[in-house]
Amino acid sequence: MGIGMGQDAAGAGVTARTAGTAQGLAAEGRAASLTELWSRENPRSAALHARARRLLPGGVTHDVRLAEPFPLAVTTASGSRKQDADGHELICYVLGHGALLLGHGRPEVVAAVREQATRSFHPGACHELEAEWADLVIRLVPSAERVRFTASGTEASLLALRLARAATGRAKIVKLDGHFHGWHDQVATGADPPFETPNTAGLPPGTAGSVVTVPAEADALAAALADGDVAAVIMEPSGAAWATVPLPAGFLADARRLADSHGVLLVFDEVVTGFRWAPGGVQEACGVRPDLTVLGKILAGGMPGGAVAGRGEVMDLLAGPAAGPRRVAHPGTHNAHPVSAAAGVATLRLAASGEAQDKPARLAATLRGELTAVFAECGVAGRAYGESSTFHLLFGPDAPDELDPATLKAGLAAPLSAALHCGMLRRGVHLFHGSGFLSTAHTERDAEQTVAALAVTLRQLQAEGLA
Ligand SMILES: Cc1ncc(COP(=O)(O)O)c(C=O)c1O
């Protein structure tokens with residue numbers, strides 16, 4: 001089915017949309033690039049960034065928000081849309097870095113947050129919602145028998161690896177090229193190309209010796225796990241960066257089999273895929289059960305939060321002195337913060353049926369097809385690909401399975417990335433570094449506008465010699 005455009009979505013409609021582009025370019029003045037035009041049209045974002053640069057390193061609070069010519073500042077958001085500081089309305093494909101499966105400001109979630117904030121912000125005690133929240137996780141995530149909440153996905157991945165070391169009495173962690181598990185020391189190597197080196201300075205010298213990064217290939221994994229001192233293998237079960245780098249067919253089942261045969265714990269990082277790929281994440285969709293699951297984002301409904309969930313006998317190492325000598329310590333002021341719990345409970349209740357995953361996934365599949373058709377129509381080599389309710393734009397003649405993981409993970413080259421970003425923003429679309437998440441709030445009209453925006457932007461990129 002087309003995206004509210006009838007049969008013309010991939011053909012005549014695209015031609016009609018792109019035909020006006022040459023006039024548009026002439027009117028805008030050919031000399032100005034997309035980044036220059038966007039700069040001029042966003043003085044408030046520019047001014048906010050100028051101030052932020054004096055106060056915040058780089059002017060941002062998350063590395064991923066560094067952007068050329070300067071980052072976008074947003075004031076309000078509702079449903080699938082948000083308003084930037086200069087008054088433009090944008091279709092949002094960032095969605096709190098994937099946290100907002102239900103879109104911005106879903107009324108049930110907002111009401112739950114308001115209600116909890118007026119009852120008790122942080123009682124410094126156990127509260128009703130933490131068990132309610134854990135119960136939902138255990139009902140939805142197939143391998144979850146017990147849950148420990150954290151304040152972020154990074155903390156959850158750190159805790160999962162500590163638990164694995166304690167449970168096995170072994171020292172090493174195996175991870176996969178390009179797979180991201182937050183910003184703590186043990187997962188800094190292999191997250192970004194080149195995979196042999198960490199993506200940060202400042203690591204303690206010993207860290208590298210206890211972490212082994214291998215390609216996502218059964219043979220390489222088998223060799224790494226044969227070491228005898230491996231506590232856990234951790235992976236994004238969608239493939240790196242929510243299926244930007246898809247896994248080979250059957251890899252998850254191979255990983256389960258290899259982990260079992262070597263006494264290694266299998267850890268799925270479902271911070272992005274949890275509650276999105278299916279109510280129970282990739283593990284529900286593919287039928288492979290990990291020992292431990294790392295959760296975040298949708299788990300907390302757009303508030304800060306994370307969790308480790310998994311097998312009872314491993315999780316119970318967190319039970320305090322009763323756990324004995326292998327007890328795992330885990331304090332944390334904001335673990336299961338009541339306001340996060342309120343947003344999480346409201347979100348997971350709405351995410352439980354499967355419709356909250358299916359509806360955006362259907363729209364995303366249609367959108368990927370339409371976006372790919374736009375590339376063809378414009379004569380630009382490229383496509384949209386992806387899984388579930390996500391998409392990734394890929395420029396060039398090769399399909400994802402013809403490219404190596406480092407190329408896929410590296411994403412778009414800098415000048416193209418900035419121009420695409422600015423071009424799409426100018427047409428009312430906020431991409432997440434050439435990718436996007438959809439929510440239950442996204443509509444066929446949003447998708448139609450996105451397809452039209454890409455058609456115009458590709459022509460402009462061609463005019464700039466970037467595509
Ligand atoms: C797969 C994955 N794991 C872990 C994390 C870290 O989560 P957080 O940003 O909540 O620390 C992220 C964040 O994007 C992620 O994508």
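In this text, all values refer to a predicted model and were calculated from it rather than measured experimentally.

The rules we used
One numbering rule holds for all chains: residues counted from 1, following each sequence as written. With pLDDT at 70 or above as the cut-off, local features in this predicted model cover only qualifying residues; side-chain atom pairs require 80 or more to be listed or tallied, and sums for whole chains, interfaces and linings still use all residues. Here the side-chain values reflect all heavy atoms present in the structure, with hydrogen atoms and water set aside. Confidence of the prediction at every residue is given by pLDDT, a number between 0 and 100. Residue contacts are defined here by distance: any two heavy atoms, one from each residue, within 4.5 Å place the two residues in contact. Where helices and strands are cited, they refer to DSSP runs of H or I of at least four residues and of E of at least two residues respectively, numbered from the N terminus. Exposed residues in this analysis have more than 50% of their type's maximum accessible area, buried residues have under 20%, and partly exposed residues fall in between, with area computed by a 1.4 Å probe over protein chains only. Within 6.5 Å between ring centres, the rings of Phe, Tyr and Trp (the latter by its six-membered ring) count as paired, and their orientation is classed by plane angle as stacked under 30 degrees, edge-to-face over 60, tilted in between. Two N or O atoms count as a polar contact when they lie within 3.5 Å, although within protein this holds only if one can serve as hydrogen donor and the other as acceptor, and sequence-adjacent residues are included solely when both atoms are side-chain atoms. Each pair of strands is called paired provided DSSP finds at least two bridges between the two strands. Here an axis means a line fitted to C-alpha atoms, over the contact stretch when the element is a helix, while the angle between two N-to-C directions is reported on a 0 to 180 degree scale. Only buried residues count toward a nonpolar core. Its members are Ala, Val, Leu, Ile, Met, Phe, Trp, Tyr and Cys residues joined through side-chain atoms within 4.5 Å. We call a residue near a molecule or strand as soon as one heavy atom of that residue lies within 4 Å of the molecule or strand. Per-residue and other accessible areas follow the Shrake-Rupley method at a 1.4 Å probe size, with only the shown protein chains counted as cover for residues.

Asks: Just to check I follow, could you spell out the confidence of the model for the protein for this structure?
Replies: Low pLDDT means the predicted atomic positions in that stretch should not be read closely. For the protein, mean pLDDT is 93; residues scoring 70 or higher make up 93% of the total. When the criterion is pLDDT under 50, residues 1–26 qualifies, and its contacts beyond four places in sequence or with other chains add up to 49 contacts.

Asks: Which parts of the structure should I look at to understand the environment of Ile-298?
Replies: Here Ile-298 lies in the loop between β9 (292–296) and β10 (306–310). Here Ile-298 falls in the buried class, since its relative accessible area comes to 0%. Considering only alpha carbons, one finds Ile-298 and Leu-100, 198 residues apart in sequence, at a separation of 6.0 Å. Residues contacting Ile-298, with those up to four places away along its chain left out, are Gly-98, Ala-99, Leu-101, Val-272, Gly-274, Phe-275, Arg-276, Thr-347 and Leu-348.

Asks: Is there a simple way to think about the packing of aromatic side chains in this case?
Replies: Given two aromatic rings, their pairing is described by the distance between the two centres and the angle made by the two planes. Here the structure, examined in full by the defined rule, presents 7 aromatic pairs. Judged by centre distance (4.9 Å) and plane angle (35°), the rings of Trp-38 and Phe-70 are tilted. Of this pair, Trp-38 sits in helix α3 (residues 34–40) while Phe-70 is found in the loop between α4 (43–55) and β1 (74–78), placing the two residues 32 residues apart along the sequence. In this structure, Trp-38 and Phe-70 share a single accessibility class: buried.

Asks: I tried to follow the environment of His-122 on my own but got confused; where do I start?
Replies: As for its placement among the helices and strands, His-122 is situated in the loop between α6 (107–119) and α7 (128–140). Since its relative accessible area comes to 35%, His-122 is described here as partly exposed. On a C-alpha basis, the gap between His-122 and Gly-320 in space is 22 Å, while along the polypeptide they are 198 residues apart. The contact partners of His-122, leaving out residues within four places of it in the chain, are Thr-333, His-334, His-337 and Pro-338. Engagement of the side chain of His-122 in a polar contact is seen with the backbone oxygen of Thr-333, the distance being 2.8 Å.

Asks: Could you clarify how one ought to interpret the sheet that holds strand β12 (residues 390–395) in this entry?
Replies: Paired through backbone hydrogen bonds, the strands of a sheet run either parallel or antiparallel to each other. Spatially, 3 strands are ordered β11-β12-β14 in an open sheet, and the strand pairing comes out antiparallel. Every interior strand has two partners, whereas the edge strands, β11 (382–385) and β14 (435–437), have only one. Within the sheet, the average angular offset between the axes of one strand and its neighbour, ignoring direction, is 10°. The pairing of β12 with β14 spans 3 bridges and is antiparallel.

Asks: What exactly am I supposed to notice about the nonpolar core here?
Replies: Nonpolar side chains tend toward joint burial in soluble globular proteins. Leu-393, Phe-395, Leu-454 and Leu-458 are the most contacted members of the largest nonpolar core, which has 35 residues in total. Secondary-structure elements contributing two or more residues to this core are α3, β3 (89–92), α15 (355–378), β12, α17 (414–426) and α18 (444–463). Look past the residues within four positions of Phe-395 in its chain and what remains in contact with it is Phe-375, Val-380, Ala-381, Gly-382, Leu-412, Leu-416, Leu-420, Leu-458, Leu-461 and Ala-467. Membership of the second largest hydrophobic core comes to 32 residues, among which are Leu-95, Met-235, Leu-258 and Val-264.

Asks: Would you explain the site of the ligand in this entry?
Replies: Close to the ligand lie Ser-152, Gly-153, Thr-154, Phe-180, His-181, Gly-182, Glu-236, Asp-269, Val-271, Val-272 and Lys-297, which account for all nearby residues. Asp-269 places a polar side-chain atom, nitrogen or oxygen, 2.7 Å from a nitrogen atom of the ligand. A distance of 2.9 Å separates an oxygen atom of the ligand from a polar side-chain atom of Lys-297. Here the ligand has 390 Å² of accessible area as a free molecule, and 81% of this is covered by the chains.

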